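Summary of structural features
The chain contents come next:
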Amino acid sequence: MRAKSEQLIERARRFIPGGVNSPVRAFKGVGGEPVFLRSGEGAWLEDVDGNRYIDYVSSWGPMILGHRHPDVVAAIRKQAQLALGFGAPTELEIELAERIVAAVPGVEKVRLVNSGTEATMTAIRLARGFTGRDLIVKFQGCYHGHSDSLLAKAGSGVLTLGIPNSPGVPEAIASQTLTLPFNDAGAVRRAYAAYAGRIACLILEPVAGNMGCVPPLPGFLESIRQSTQEDGSLLIFDEVMTGFRVALGGAQARYGVMPDLTTLGKVIGGGLPVGALGGRRDIMDHLAPDGGVYQAGTLSGNPLTAAAGIAMLDALNDDFYVALEERTDTFAAELRALCVRHGRRATVNQVCGMFSIFFDAPERVTAFEHVANANSDAFARFFHAMLERGVYLAPSAFEVGFLGAQHSQDVLDATLAAADGALAAI
Ligand code: KE4
């Protein structure tokens, strides 16, 4: 029963567009009404009706240590006794920046901001300012936040310049964005041949997480690194989701491909609002105040977020990810086996700490079209069947499930038991 959630969404819709402060939360991707949550601890959530769930949304990625990790809460409490913010430099920002630079191989300097959108928007502006070029390249199915240049979609032909992907995005801006098929290195080579010397940057999620989990094909990242390098165009890894998720140093460490710029978010803020842009020192020094590329933010690097981020990063090390990868792989394999046992055609993709299930999809899901043609209705039924069995998945077939320290074997076993029942029911 979720009577109080049902009352609250009615009340919310009177004051908040769609009743939510971010669209995916409205459950439009799976139908039904959203669950209003009240508390979390470790792997567990409790909603306003007292129902409990095992959580795989993890606040969309930040809670890699579980909800209310004591070290993170203690760090926030301690800082809150001193001050909530100044709008002036603090030592905490240096300590967080030092930890990011030490962990992420392609980052020599880093600017903290308040969201992933701010980070990617700034990365695009910095790439344009540094190269003096206007065009950018992104991939279908990759999401980088909601700045205008990144809300563009492919025009009629693969190599035609973009068209707006949302009302309010001017044609003039969308037409500066080229959208290519993910995992298609040939399309990237052809784009750089067609627009030689005109592309400021290529931005991608090195492991796609916004079309479900779609890892890079072998050689794909290396190939786009070469195409961008040869053209003098910048390579931006949007690691807002994969940063401190798929490895301590993110996807760039995992796959050994170094971008020129990296965007981060989620985990580095310990659960508080955050984003970050980092990269080569010679590029980053073009940012104001030393350089001419403008970027600013009232609460950028605020001490609460910095304190929480430091506490979270201090709990992470290479051994953490070895164990997390092992649990993720085992969980995905057991979920696959359950689908086979139930005669349900499904593909489960996973990379350390993140997974997705695609129903009635090709055996290998490596491209956006594979995801777009998967059975999202079956996913919606699976989502609700799992919710009824106390498992809270992301309410969209185009999102991922996150595993963290909190997903112990007994939590994963309980999840698989719920999946066994859910697969029988849908
Ligand atoms: P924010 O502006 O939402 O902090 O970050 C945007 C962003 C940028 N890059 C990547 C790779 C991202 O995944 C995101 C945001 N992720 C979504 C979940 N897929 C946030 C959830 C939401 O939009 O409510």
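Residues numbered from 1 in each chain as written. Predicted model: local features only at pLDDT ≥ 70, side-chain atom pairs only at ≥ 80, totals over all residues. Heavy atoms only, no water.

Under the defined criterion, the tally for this structure stands at 11 aromatic pairs. Ring geometry for Phe139 versus Phe220: centroids 5.6 Å apart, planes at 70°, classification edge-to-face. Of the two residues, Phe139 is situated in strand β5 (residues 135–139) and Phe220 in helix α7 (residues 220–231); the sequence distance between them amounts to 81 residues. The same class applies to Phe139 as to Phe220, namely buried. An aromatic cluster of at least three residues, connected via ring pairs, comprises Tyr56, Phe331 and Phe355. (Phe/Tyr/Trp six-rings, centres within 6.5 Å; stacked < 30°, edge-to-face > 60°. Helix = DSSP H or I, 4+ residues; strand = E, 2+ residues; numbered from the N terminus. Buried < 20%, exposed > 50% of the residue type's maximum accessible area, 1.4 Å probe, protein only.)

This part is about the domain arrangement of the protein. Assigned domains of the protein: these are domain 1 (3–68 + 317–425) and domain 2 (71–314). For domain 1 versus domain 2, the distance between C-alpha centres works out to 25 Å. Contact residues are listed per partner, giving 33 residues for domain 1 and 28 residues for domain 2. Buried surface at the junction of domain 1 and domain 2, both sides included, amounts to about 2,400 Å², of which 65% is carbon and sulfur. Linking domain 1 with domain 2 are 1 salt bridge, by the criterion used here. For Glu325, the salt bridge identified is with Arg254, shortest N-O distance 2.6 Å. Summed over the shared surface of domain 1 and domain 2, the result is 11 residue pairs in polar contact (both at pLDDT 80 or more). (Domains from an automatic or database assignment. Contact = heavy atoms within 4.5 Å. Buried area = accessible area lost by both parts, 1.4 Å probe. Salt bridge = Lys/Arg side-chain N within 4 Å of Asp/Glu carboxyl O. Polar contact = N/O pair within 3.5 Å; in protein donor to acceptor, adjacent residues only side chain to side chain.)

Our focus in this paragraph is the pairing of strand β3 (residues 52–55). Consecutive side chains along a regular strand alternate between the two faces of the sheet. One ladder, built from 3 bridges, connects strand β2 (residues 44–47) with β3; its direction is antiparallel. The residue bridging Leu45 from the neighbouring strand is Tyr53, located in β3. Here β2 hands over to β3 after 4 residues, with Gly50 in that stretch at a positive phi of 85°. Pairing of β3 with strand β15 (residues 391–392) involves 2 bridges; the strand directions are parallel. Opposite Asp55, over in β15, you have Tyr392 as the bridge partner. (Pairing = 2+ DSSP bridges.)

Strand order in the open sheet formed by 7 strands is β4-β12-β11-β10-β9-β5-β8, and the pairing between neighbours is mixed. Looking along the sheet, the strands with just one partner apiece sit at the ends: β4 (109–113) and β8 (177–180). Going across the sheet, the axis of each strand differs from the next one's by a mean of 20°, ignoring polarity. Bridge count between β5 and β8: 4 bridges; the pairing is parallel. Considered in β8, the bridge of Ile136 is made with Thr177. Contacts from helix α3 (residues 91–103) reach β4 and β11 (261–265) within the one sheet, and its direction differs from that of β4 by about 125°. (Axes fitted to C-alpha atoms, helices over the stretch in contact; angles between N-to-C directions.)

Our focus in this paragraph is the site of the ligand. Inspection of the region around the ligand gives 16 residues, with Ser22, Thr117, Asn210, Asp238 and Glu399 positioned closest. With respect to the ligand, the side chain of Asn210 contributes an N or O atom lying 2.5 Å from a nitrogen atom. Measuring from a nitrogen atom of the ligand, one finds a side-chain N or O atom of Asp238 at 2.7 Å. For the ligand, whose free accessible area comes to 530 Å², the fraction covered by protein is 85%. Here the shell around the ligand is built from residues that sort into 5 nonpolar, 7 polar and 4 charged. Of the domains in this structure, domain 1 (3–68 + 317–425) and domain 2 (71–314) are the two that each give at least three residues to the shell around the ligand. (Near = heavy atom within 4 Å. Areas by Shrake-Rupley, 256 points an atom, 1.4 Å probe, with all protein chains shown as cover. Nonpolar A, V, L, I, M, F, W, Y, C, P; charged D, E, K, R; others polar.)

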